[in-house]
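Here is what each chain is made of, one letter per residue.
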Amino acid sequence: MHRKKVLITGASRGIGKATALTFAKAGYHVFLNCRTSIAELTQVKAQIESEGGSCTLVPADVGKPDEVRDMFEKIYSECQYLDVVVNNAGVAHIGLLSDMTDEEWNHVIQTNLSSVFYCCRAAIPAMLSVKQGRIINISSIWGVTGASCEAAYSASKSGVNGLTRALAKELAPSNIQVNAISCGVIDTEMNGQLNEEERKELEYAIPAGRFGTTEEVARIILQTAESPAYMTGQVIGIDGGF
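Residues numbered from 1 in each chain as written. Predicted model: local features only at pLDDT ≥ 70, side-chain atom pairs only at ≥ 80, totals over all residues. Heavy atoms only, no water.

Engineer: Talk me through the overall build of the protein; I want residue IDs and the actual numbers.
Structural biologist: Each helix and strand counted, the protein has eight helices and seven strands in total. For 242 residues, the compact-globule estimate of 2.2 N^0.38 gives 18 Å, and the protein sits close to it at 17 Å. For the C-alpha atoms alone, the extent of the protein along its principal axes is close to 50 × 40 × 35 Å. Expressed as a percentage of its 242 residues, the buried residues of the protein come to 49%. The long-range share in the protein, meaning contacts at least 24 apart out of those at least 6 apart in sequence, stands at 73%. Of note, the protein has its 21 positive side-chain charges centred 9 Å away from the centre of its 27 negative side-chain charges. (Helix = DSSP H or I, 4+ residues; strand = E, 2+ residues; numbered from the N terminus. Rg over C-alpha atoms; globule rule 2.2 N^0.38 Å. Buried < 20%, exposed > 50% of the residue type's maximum accessible area, 1.4 Å probe, protein only. Contact = heavy atoms within 4.5 Å. Lys, Arg positive; Asp, Glu negative; His and termini not counted. Charge placed at Lys NZ, Arg CZ, Asp CG, Glu CD.)

Here is the structure:
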């Protein structure tokens, strides 16, 4: 029996970690990626294996094309193709646009948007060879509405949405589906910098009255990976009605 394979970038914590655990429980072999948090990634691997799952560590900076090529070389030494790619790696930057340095701008765009391009480019040829595959890009409501003092992050996620829709059209004739998950305010370390007043203000603005959980996002990612093939090119919101 074919055990499906999934690559999850940024899998050491937050949405990536929850997604890795969810796919492993569903019977997938999980390729776990992160850039620097190797100790945390190793703990995710240990948890998956303790629960009877299987996984492989593939650390790399997915914002760098050479490292992505090396990562996929390792992946393809273990399998012919990936059934699913979850492009989750991302960073935030809060501050005035006029205060951003070139390096800060480039870091956000490379990590959040260019990484999606690099990983898709590396994954697609093998998917084409078997005429199947699922690509799921993790986006944000700020990619649709924009967020004050998060211009670079908003721009990067808007780019992810555009890339998702365009690539879905490009790959639909080859039975490869491309969708994005547009996350609202999720209870992750990225939002851990909020003080109590800011958190309550955000919760008040969300019709559901709370932050989303990483497990909820992971469930919709798995459901998207296993959705009917006719669903492609969608930016699917999970935001508590925000």
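Further notes follow.
Engineer: Tell me about a negative patch on the surface, and name the residues and values.
Structural biologist: On the surface, a cluster of negative charge is contributed by Asp99, Asp102, Glu103 and Glu104. For Asp99, the position within the fold is in the loop between β4 (84-87) and α4 (102-130). (Patch = residues over 30% accessible without salt bridge, like charges linked within 9 Å, V, L, I, M, F, W, Y side chains within 5 Å. Areas by Shrake-Rupley, 256 points an atom, 1.4 Å probe, with all protein chains shown as cover. Salt bridge = Lys/Arg side-chain N within 4 Å of Asp/Glu carboxyl O.)

Engineer: Got a sec to walk through the pairing of strand β1 (residues 5-8)? Specific residues and values, please.
Structural biologist: Where burial is concerned, the two faces of β1 agree: the one with Lys5 and Leu7 and the one with Val6 and Ile8 are both buried. In this structure, β1 lies alongside strand β2 (residues 29-32), joined through four bridges in parallel fashion. Within β2, the position partnered with Leu7 by the bridge is Phe31. As judged from the three bridges shared by β1 and β4, these two strands associate in the parallel manner. Following the sheet pairing, Val6 is matched in β4 by Val84. (Pairing = 2+ DSSP bridges.)

Engineer: So, the packing of helix α1 (residues 14-25) against helix α8 (residues 214-225): which residues are in play, and what are the values?
Structural biologist: At a minimum axis separation of 8 Å, α1 and α8 run at an interaxial angle of 55°. By the angle between their directions, the pair α1 and α8 is classed as oblique. Taken as a pair, α1 and α8 cross one another with a handedness that is right-handed. Within the contact between the two elements, α1 uses Gly14, Ile15, Ala18, Thr19, Thr22 and Phe23 and α8 uses Thr214, Glu215, Val217, Ala218, Ile221, Leu222 and Ala225. By residue class, the composition of the contact of α1 with α8 is eight nonpolar, four polar and one charged. (Axes fitted to C-alpha atoms, helices over the stretch in contact; angles between N-to-C directions. Parallel < 35°, antiparallel > 145°, perpendicular 65-115°, else oblique. Left-handed = near helix turned anticlockwise from the far one by under 90°. Nonpolar A, V, L, I, M, F, W, Y, C, P; charged D, E, K, R; others polar.)

Engineer: Pulling in residues and values, what's your account of the environment of Cys149?
Structural biologist: Residue placement: Cys149 occurs in the loop between α5 (142-145) and α6 (151-171). With 53 residues separating them in the primary sequence, Cys149 and Leu96 have C-alpha atoms 5.0 Å apart. Those residues in contact with Cys149 that sit more than four places away from it in its chain are His93, Ile94, Gly95 and Leu96.

Engineer: Break down unusual backbone geometry for me, citing the residues and quoting the values.
Structural biologist: Phi is positive for Lys131, which is not a glycine, with a value near 55°. Structurally, Lys131 can be placed in the loop between α4 and β5 (133-140). What makes Lys131 partly exposed here is its relative accessible area of 48%. With a phi close to 65°, Cys149 is a non-glycine residue in the positive phi region.

Engineer: Explain the nonpolar core to me, using residue names and the numbers behind them.
Structural biologist: Of all hydrophobic cores here, the largest spans 29 residues; its most connected members are Phe23, Val30, Leu32 and Ile221. A per-element tally of this core places α1 first, with five residues. The contacts of Val30, once residues within four sequence positions are left out, are Val6, Ile8, Ala20, Phe23, Ala24, Ser54, Cys55 and Thr56. In this structure, Val68, Phe72, Ala89 and Ile124 belong to the second largest nonpolar core, which totals 27 residues. (Core = buried A, V, L, I, M, F, W, Y, C linked by side-chain atoms within 4.5 Å.)

Engineer: If you had to explain the packing of aromatic side chains to someone new, which residues and values would you point to?
Structural biologist: All chains considered together, the criterion is met by four aromatic pairs. Here Phe23 and Tyr28 contribute two aromatic rings whose centre-to-centre distance is 4.8 Å and whose plane-to-plane angle is 75°, an arrangement assigned as edge-to-face. We classify Phe23 as buried; its relative accessible area is 0%. Classification of Tyr28 as buried rests on a relative accessible area of 2%. An angle of 85° between the planes, with centres 6.0 Å apart, marks the rings of Trp142 and Phe242 as edge-to-face. One end of the pair, Trp142, is in helix α5; the other, Phe242, is in the segment after β7 (235-238), with 100 residues separating them in the sequence. Of note, Arg199 hangs over the ring of Phe211, and the distance from its end group to the ring centre comes to 4.2 Å. (Phe/Tyr/Trp six-rings, centres within 6.5 Å; stacked < 30°, edge-to-face > 60°. Lys NZ or Arg CZ within 6 Å of the ring centre and 35° of its normal.)

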